[in-house]
Amino acid sequence: MRLIVGFGNPGSKYNFTRHNFGFLALDFYGKINNLSWTEKPKWHAVIAEDKANDRIFVKPQTYYNDQGMCIRAICDFYKIKPQDILVLCDDFHLPFGNLRFRERGSAGGNNGLKSTIQHLNTEDFPRLRLGTGNDELRARIGDVDFVLSKFTDAEHEKLASVLREIADFVSKY
């Protein structure tokens, strides 16, 4: 069994923010693959199961900096190994729309990854970093406001093709 986790913050006020790129990617994937989302309060998550392909999709409902708590609870319940997890997380160090896959690695400053590493007690889990970088905007408003900011109009124009690319990656994973 594989666990596919999209990082984000709960609540509609965070929709289409950079930090919720992981949620957005899973919502897109779920829509094109007819997945149904179910709230699982005991895990602080919203999940969709793809039983045919033995995969569970997860949108943690903890805030971004506590994503690992939810991931650990689900892994413990289903006996999922860290190597069988795929995390989708935003990365402002990558230009918008660029994707970078790694089998393992450090948090690289991403607090959701820090939490996941802490709760799993390992860096050995795959992650697909979703580029949200916009150096000009980030310099103007600072990192905290940047990750909670909405995508620009120019980024929105490219969003559908980036989401298709992410969905293709997840389909093959």
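Rules used in this analysis
Position labels on residues start from 1 in each chain and follow its written sequence. Restriction of local features to residues with pLDDT of at least 70 applies here, the model being predicted, together with a cutoff of 80 or more for giving and counting side-chain atom pairs; totals for whole chains, interfaces and linings are based on all residues. Excluding hydrogens and water, the side-chain figures rest on all heavy atoms present in the structure. A helix here means a DSSP run of H or I that spans at least four residues, while a strand means a run of E at least two residues long, and both kinds are numbered starting from the N terminus. One less than the residue count of a helix, multiplied by 1.5 Å, gives the span that helix is expected to have. The rule is simple: take the accessible area with a 1.4 Å probe, protein chains only, and divide by the maximum for that residue type; under 20% is buried, over 50% is exposed, in between is partly exposed. Throughout, the arc means that of the directions going from the helix axis to the C-beta atoms. Whether two residues are in contact is decided by their heavy atoms: any pair within 4.5 Å suffices. Fitting a line to C-alpha atoms yields each axis, with helices limited to the stretch in contact; the angle taken between N-to-C directions then spans 0 to 180 degrees. Small angles under 35 degrees read as roughly parallel and large ones over 145 as roughly antiparallel, with 65 to 115 read as roughly perpendicular and the rest as oblique. Throughout, the ten residues Ala, Val, Leu, Ile, Met, Phe, Trp, Tyr, Cys and Pro are labelled nonpolar, Asp, Glu, Lys and Arg are labelled charged, and all others, Gly among them, are labelled polar. The quantity called bend is, for any residue, the angle between two axes fitted respectively to the seven residues ending at it and the seven beginning at it. Two strands pair under a simple rule: DSSP has to find at least two bridges between them.

Taking 1.5 Å per residue, twelve residues should reach 16 Å; helix H2 (residues 67-78) reaches 17 Å between its end C-alpha atoms and fits that length. Taken together, the buried positions of H2 are occupied by Gln67, Gly68, Cys70, Ile71, Ile74 and Cys75. Relative to the axis of H2, the buried residues are bounded by an arc of 160° and lie together on one face. Against the buried residues of H2 lie strand S1 (2-6), strand S3 (45-50), strand S4 (55-60), strand S5 (85-95) and helix H3 (111-120).

Interhelical geometry of helix H1 (residues 21-32) versus helix H6 (residues 153-172) gives an angle of 75° and a closest axis separation of 9 Å. Judged by the inter-axis angle, H1 sits roughly perpendicular to H6. Counting all contacts with H1, which are made through Phe21, Leu24, Ala25, Phe28, Tyr29 and Ile32, the residues of H6 involved are Leu159, Val162, Leu163, Arg164, Ile166, Ala167, Val170 and Ser171. Partitioned by chemical class, the residues of the contact of H1 with H6 number twelve nonpolar, one polar and one charged.

The first and last C-alpha atoms of H6 sit 30 Å apart over 20 residues, in line with the 28 Å expected at 1.5 Å per residue. The principal kink in H6, of about 45°, is found at leucine 159. Of the residues making up H6, those classed as buried are Glu155, Leu159, Val162, Leu163, Ile166, Ala167 and Val170. The inward-facing, buried residues of H6 abut S1, H1, S4, S5, strand S6 (99-102) and strand S7 (127-133).

What follows is about the pairing of S1. Consecutive side chains along a regular strand alternate between the two faces of the sheet. Counting buried positions along S1 gives four out of five residues, so the element sits mostly inside the fold. Sheet analysis places S1 next to S4, joined by four bridges and oriented parallel. By the bridge assignment, isoleucine 4 is partnered in S4 with phenylalanine 57. Two elements, S1 and S5, share four bridges in a ladder whose sense is parallel. Along S5, the bridge assignment pairs glycine 6 with leucine 88.

As a further point, take unusual backbone geometry. Of note in the backbone geometry, asparagine 34 takes a positive phi value of approximately 55° without being a glycine. For asparagine 34, a relative accessible area of 69% gives the class exposed. Look at lysine 79: it is not a glycine, yet its phi comes out positive at around 60°. Residue placement: lysine 79 occurs in the loop between H2 and S5. Judged by relative accessible area, lysine 79 falls into the exposed class, the value being 68%.

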